[in-house]
Amino acid sequence: MVLQTPLRPHSPFTRHFIQWQRGETMSMPKVPDITPEFELERYEAITLLLTSIAMEEMGLAHILNAEGEKFSTC
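First things first, this report covers the structure right here in the doc. (Residues numbered from 1 in each chain as written. Predicted model: local features only at pLDDT ≥ 70, side-chain atom pairs only at ≥ 80, totals over all residues. Heavy atoms only, no water.)

This brings us to the overall build of the chain. Broken down by element type, the chain carries two helices and zero strands. The proportion of buried residues among the 74 residues of the chain is 4%. Of the accessible surface of the chain, which amounts to about 7,700 Å², a share of 64% is contributed by carbon and sulfur atoms. (Helix = DSSP H or I, 4+ residues; strand = E, 2+ residues; numbered from the N terminus. Buried < 20%, exposed > 50% of the residue type's maximum accessible area, 1.4 Å probe, protein only. Areas by Shrake-Rupley, 256 points an atom, 1.4 Å probe, with all protein chains shown as cover.)

See the structure below:
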């Protein structure tokens, strides 16, 4: 089946559509092998994890507070 619609010849969509029509599949992304050049002690990792959780909790609290203010002004 060939689609007979006018497509821009050099757009990325056209290129991928033509590859799809031909049955060509896209390859997997090539991710570079990145190895970290730093080391964390156990207590540092725990501190970072707890800080991350606390910041998420603060964000959720702000969202809930804003939603509560919506109800109080109605």
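So, next bit.
Bringing helix α2 (residues 42-73) into the picture now. Compared with the 46 Å implied by 1.5 Å per residue over 32 residues, the 47 Å span of α2 between its first and last C-alpha is a close match. For α2, the tally of buried residues reaches only zero of 32 residues, placing the bulk of the element at the surface. (Expected span 1.5 Å × (residues − 1).)

Another aspect to go through is the pattern of salt bridges. Close approach of charged atoms allows side chains with opposite charge to pair. Per the stated rule, a full pass over the model turns up one salt bridge. Residue Glu 67 is joined to Lys 70 by a salt bridge in which the shortest nitrogen-to-oxygen separation is 3.2 Å. Of this pair, Glu 67 and Lys 70 both sit in helix α2, three residues apart, which is roughly one turn of that helix. (Salt bridge = Lys/Arg side-chain N within 4 Å of Asp/Glu carboxyl O.)

The next subject is a nonpolar patch on the surface. Together, Ile 46, Leu 49, Leu 50 and Ile 53 make up an exposed nonpolar region whose accessible area comes to about 370 Å². We classify Leu 50 as exposed; its relative accessible area is 54%. (Patch = residues over 30% accessible without salt bridge, like charges linked within 9 Å, V, L, I, M, F, W, Y side chains within 5 Å.)

Quick look at the environment of Leu 40 now. With respect to the helices and strands, the residue Leu 40 is situated in the loop between α1 (12-21) and α2. Those residues in contact with Leu 40, other than ones at most four positions away along the chain, are Ala 45 and Leu 48. (Contact = heavy atoms within 4.5 Å.)

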